[in-house]
Structure formats: C-alpha cells, structure tokens
Amino acid sequence: MNEYNKTFIYFICLISAMGGLLFGYDWVVIGGAKPFYELYFGIASSPLMQGIAMSGALVGCLIGAMVAGTMADRYGRKPLLLCSAVLFTLSAVATGLFNDFILFNIARFVGGIGIGVASALSPMYIAEMSPTAVRGRLVSLNQMTIVLGILAAQVVNWLLADEVPENSTQADILASWNGQYGWRWMFWAEGVPAVLFMLLATMIPESPRWQILKGKTDSAMRTLTSIGGAEYASSEARAVIEAAHAADADVHADGAAATRGRGGRTELFSRKFSSVLLLGVVVAVFQQWCGTNVIFNYAQEIFSAAGYSVGDVLFNIVITGIANVVFTIVALRTVDRWGRRSLMLFGAMGLAAIYAVLGLCYHFHITGFFMVLLVVAAIACYAMSLGPVTWVLLSELFPTRVRGIAMSVCTFALWTGCTTLTFSFPSLNAAFGSDGTFWLYSLICAAGFIFFMRRLPETKGKSLEEIETMVTGKD
C-alpha cells in the first residue's frame, strides 16, 4: 500500500466506521439498562411492554435500512452518514432524559433508524473509497468497530451500575442510584462518540464514485488524487466512466427504465441483476441464520443449560466478547490474503461442525469447560469469517449506480433475519431442546456452505468495476 496515502485513507475510513461503533453500542447498551428502566417505568411484570421496549430499536433498524440506500443514491453517501450521527446523538440524549415510557420508546426507535442507516452506509462508503488491494481490510474495520462498540457498552454498563445488595427488593432497586439515574447515564454515555462522529463526518469527502456518476468529476478527481495521486485518480475515474457507459449500452439494449447515474429499484430488480441480488440477500440473511448471534443474545440461557452458575455465566460472557474482538482482528489480516469466498466457506463449514458437536454435548448432558471452549470456537469462527466478510461482500457485489438501493435491500434482509432468529430461538429451544436447536443451525450452515460453493465468486484483488463486469456477465 506504499503508493497510497495511508494517513488520508485510514482517517476517512475510520471516521465512517464510527457508524459501526455506535451501531454496536446502541444495540447492546439496552441490555445493561434493562433491569433498571423496567422498574422505573413499571413494566417489570409485563412481558408485552418489555418486548416493546427491547424491539423499538429493531423496528427503527428495518426502516433506516429500507430508506438509506435510495436516499444515498440520490443525495450522496456523506449526508446520510451525517444523518445517522445526528440520529444517534438525539437518541442517546433523549432516551436517558425522558420520564415517559412512550417517549422513551420513540427515542429508541430514532436510534434504531440510525443503526439501520449506519449499517447500510458505513461499509458501502468505505468500499467506494478504498484501493482494491486493501478494500477487504478497510471494510472489515466496520465490523471491528461494531464489536468494539458492543464491548464498550458492556464495560460502560458494568462501570456505571452500582452493586446491588443480595437481598434487595424491587422497591430498593427502584429507589437506588441505578433505578433513578444509572440507566440514564448508560444511554447518555453514547452521546460522546455520537457527537464526535457528527463533527468528524463533516470533514470527510463525498464518495468519488458517486460524484462521477452525478457529473461532479472535478471534486471526485481531487479526492482520488488525495488517495493515490494523479495517475491513480485518472485510472479509477476512467474505470467508473467506462462501467457507466457499458451500463448505458445495456439500458438501450434491453429497454430498462433506469438511466446512467440514476439506477433505482427498476434496474436492481430487473432480470440482469436477479442473480447477484439473490446472492446478496442470501449472504446477508445467512450471517444471521448461521445462529451465532443467538449466543450473544441468549448467552445466559445457553451457559445455564451447560451447567454454569450465574457468576460463571457472566464470566463466560466476557470471554466470548474478548474472543469476538480478537478474531475480528484476525479477519483484518486475512480477508485480503485468503479471499472472501474462502473465508465464507471456512465459516459455514466450521460452524456446521462446531454446532453438530455442541448439539451432541447437550444431548448427552456434557457440561464444564469443554462447552465454553466450543462456544468460544463458534464465536472465533464467526468473527474471522461470516461476521466481517458479509459486510465486505455486500459493499462490493453491486455496481455503483445501484449500490445504495442494493445495500438497503440486503441490509433490510439482514435485519429481518436477525429478527426471526432472535424471536424464534426460545420457541425452537422449547420445541427441540438445546441439542436439536444447534443441530438445526448446523444443517443451515451446511446448506450455506453448499450454496456458496456453487454461487459465490471470489472478489479478492478485483476493482469494483471488475466485479461489476463479473457478476453482470458482461464481456
């Protein structure tokens, strides 16, 4: 990467990846605040109200992901990143400030929209700014900041919460600092990185690929020159223009409604893109349906079923969090060396094998350290493969003119997969037991491996324009 301006590239990519940091923090912080705000709002005995409080952000995610792409294709990537930063800031302040349960949920909903926008825009922006040779590593920074945000929320929750005496009643907890103020500061703490993200996002340039398609070539050339010099800028701009001209020829040949620089749903859902759109949706949903996020969402139930006490469960959850961070760092080093396809195949088959063994252990009532080892292995396998590589692939597979709307569709599918996974686990666990549930996830992972073997191309080392030619079947 010696021929590129490393300082400039990492600066703009890390700023964009702050959307991932806030995504991870906002997604997890509510878990630490849950025991206290439920008492404050008087919903501790109402599963329905508890579910509303926990799912408000998820509904916002779906809406944010759905609208982000269309707006990014129309107005640019940078304004949408700034919008997500504003939404995170408003949500962080308002969630801790409101004393009314309805307003609390509205604030969480606003934060969820920010998550949906950031999850679609941050990896896409990084991909469009990155030189080909290091694009996988730089897009993986988004997943790295997500897991750091998750860890930060866990640490902040732990540091802010006062220790609850063993024999405390609900009335005691409600009257304590935790019940009145502690849960508020858990949300307010997000305001610090959110404001920083909002300020720094004003300093990053617009995506030069988007600018070229909108006729803003001078601004695009300045950004590309800052990244890699005049020769690099000319080469990249030429590739984008040639790809756009080829798209124009296709439009005139098949009578599609989309025109150069406009893209849109009509073109994305045309027969030409049906195969790659299906691939993107399967990749997105599989990242959730592979089952690993269940370990994070229901870690207490999983470890309790493996024979651990409450204190041991909390320690084991910390171990999984550390493994998640460590092996995401491994992914940063391997994604541009081993390739996207290889890592996706490794992740799918690795999880299929681990879940099969995990199901056997539950079936034969095996408990103890070996169970923790298997869970950590599953987290490690996911963190260095399916977790980050999914975002890399989604940001690469689609042409620039439809990348925004395509990311919206795929991110919406991902969050839908997250919803169905999270809500189905308790029912699956009750119907099939822990052994049967993990065997089901094993079969899903094996099916994913077969699909990727047959349909997933290798994008390592190819420019975004070369990938466009490959996936659309143009000569």
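Residues numbered from 1 in each chain as written. Predicted model: local features only at pLDDT ≥ 70, side-chain atom pairs only at ≥ 80, totals over all residues. Heavy atoms only, no water.

Undergrad: Please give an account of the overall build of the protein that cites residues and values.
TA: In terms of regular secondary structure, the protein is built from 21 helices and zero strands. Burial analysis of the protein (475 residues in total) assigns 55% to the buried set. In the protein, of all internal contacts separated by at least 6 residues, the share reaching a separation of at least 24 is 82%. By element, 66% of the accessible surface of the protein is carried by carbon and sulfur atoms, the whole surface being about 19,100 Å². (Helix = DSSP H or I, 4+ residues; strand = E, 2+ residues; numbered from the N terminus. Buried < 20%, exposed > 50% of the residue type's maximum accessible area, 1.4 Å probe, protein only. Contact = heavy atoms within 4.5 Å. Areas by Shrake-Rupley, 256 points an atom, 1.4 Å probe, with all protein chains shown as cover.)

Undergrad: Mind laying out the packing of aromatic side chains, listing which residues take part and the relevant values?
TA: Scanning the entire structure with this criterion turns up 19 aromatic pairs. Summarising the aromatic geometry, the rings of Y362 and F438 are spaced 5.8 Å apart at their centres and angled 15 degrees between planes, so their arrangement reads as stacked. Pair noted here: Y362 is in helix α17 (residues 340-363) and F438 is in helix α20 (residues 400-455), with a separation of 76 residues, a long-range link. According to the relative accessible area criterion, F438 is buried, its value standing at 1%. An aromatic cluster is present here, built from Y37, Y40, F41, F101, F104, W183 and F187 joined pairwise through their rings. (Phe/Tyr/Trp six-rings, centres within 6.5 Å; stacked < 30°, edge-to-face > 60°.)

Undergrad: Tell me about the side chain of R108, and name the residues and values.
TA: Tracing the backbone through its elements, the reader meets R108 in helix α4 (residues 101-129). Residues contacting R108, with those up to four places away along its chain left out, are D26, V29, I30, G56, A57, S91, T95 and F187.

Undergrad: Can you explain the nonpolar core? Please cite residues and give values.
TA: Y37, L121, F398 and W415 are the most contacted members of the largest nonpolar core, which has 132 residues in total. Not counting chain neighbours up to four residues away, the residues in contact with W415 comprise F23, W27, L58, C61, L62, A65, I115, G116 and S119. (Core = buried A, V, L, I, M, F, W, Y, C linked by side-chain atoms within 4.5 Å.)

Undergrad: Mind laying out unusual backbone geometry, listing which residues take part and the relevant values?
TA: At H365, a residue that is not glycine, the phi angle is positive and equals roughly 60 degrees. Tracing the sequence through the fold places H365 in the loop between α17 and α18 (369-383). With a relative accessible area of 67%, H365 lands in the exposed category.

Undergrad: So what's going on with the pattern of salt bridges? Which residues, and what values?
TA: Overall, the coordinates contain 10 salt bridges when judged by the stated rule. Put simply, R209 and E465 hold a salt bridge, and the shortest N to O gap is 3.1 Å. Highlighted residues: R209 in helix α9 (residues 208-213) and E465 in helix α21 (residues 464-472), separated in sequence by 256 residues. Per residue, the accessibility class of R209 equals that of E465, and both read buried. Between E396 and R340 there is a salt bridge, and its shortest N-O distance comes to 2.5 Å. Remark: R340 occurs in helix α17 and E396 occurs in helix α19 (residues 386-396); sequence separation between them is 56 residues. Accessibility assignment for this pair places E396 and R340 in one class, buried. Within the structure, one salt-bridge network assembled from shared partners comprises D73, R77, E128 and R403. (Salt bridge = Lys/Arg side-chain N within 4 Å of Asp/Glu carboxyl O.)

Undergrad: Which residues make up the environment of L428, and what values go with them?
TA: Following the sequence through the fold, L428 ends up in helix α20. Of the residues examined, L428 reaches a relative accessible area of 18% and is grouped as buried. When neighbours within four sequence positions are excluded, L428 is seen to be in contact with G433, T437, L440 and Y441.

Undergrad: Describe the side chain of N105, and please don't skip the residues or the numbers.
TA: Summarising the element assignment, N105 is placed in helix α4. In this structure N105 touches I52 and A53, once residues within four positions along its chain are discounted.

Undergrad: Can you lay out the packing of helix α1 (residues 6-40) against α4 for me, pointing to particular residues and giving the numbers?
TA: Two numbers describe how α1 lies on α4: the axes approach to 8 Å, and their chain directions differ by 155 degrees. By the angle class used here, α1 and α4 are roughly antiparallel. Classified by chirality, the crossing of α4 by α1 is left-handed. When α1 is examined against α4, the residues I12, C13, S16, A17, G19, G20, F23, D26, W27, V29, I30 and Y37 are found in contact with a partner set consisting of F104, R108, G111, I115, A118, S119, S122, Y125, I126 and M129. Looking at the contact of α1 with α4, its residues break down into 14 nonpolar, six polar and two charged. (Axes fitted to C-alpha atoms, helices over the stretch in contact; angles between N-to-C directions. Parallel < 35°, antiparallel > 145°, perpendicular 65-115°, else oblique. Left-handed = near helix turned anticlockwise from the far one by under 90°. Nonpolar A, V, L, I, M, F, W, Y, C, P; charged D, E, K, R; others polar.)

Undergrad: Could you give me a rundown of helix α2 (residues 47-75), with the residues and numbers involved?
TA: The end-to-end C-alpha distance of α2, which contains 29 residues, comes to 41 Å, matching closely the 42 Å that a straight helix rising 1.5 Å per residue would cover. The largest bend in α2 comes to about 40 degrees, at S55. Positive backbone phi, approximately 110 degrees, marks G76, located one or two places after α2. (Expected span 1.5 Å × (residues − 1). Bend = angle between axes of the 7 residues up to and from the residue.)

Undergrad: Quick rundown of the packing of helix α13 (residues 271-289) against α20? Include the residues and the values.
TA: At a minimum axis separation of 4 Å, α13 and α20 run at an interaxial angle of 40 degrees. Our classification of the angle between α13 and α20 gives oblique.

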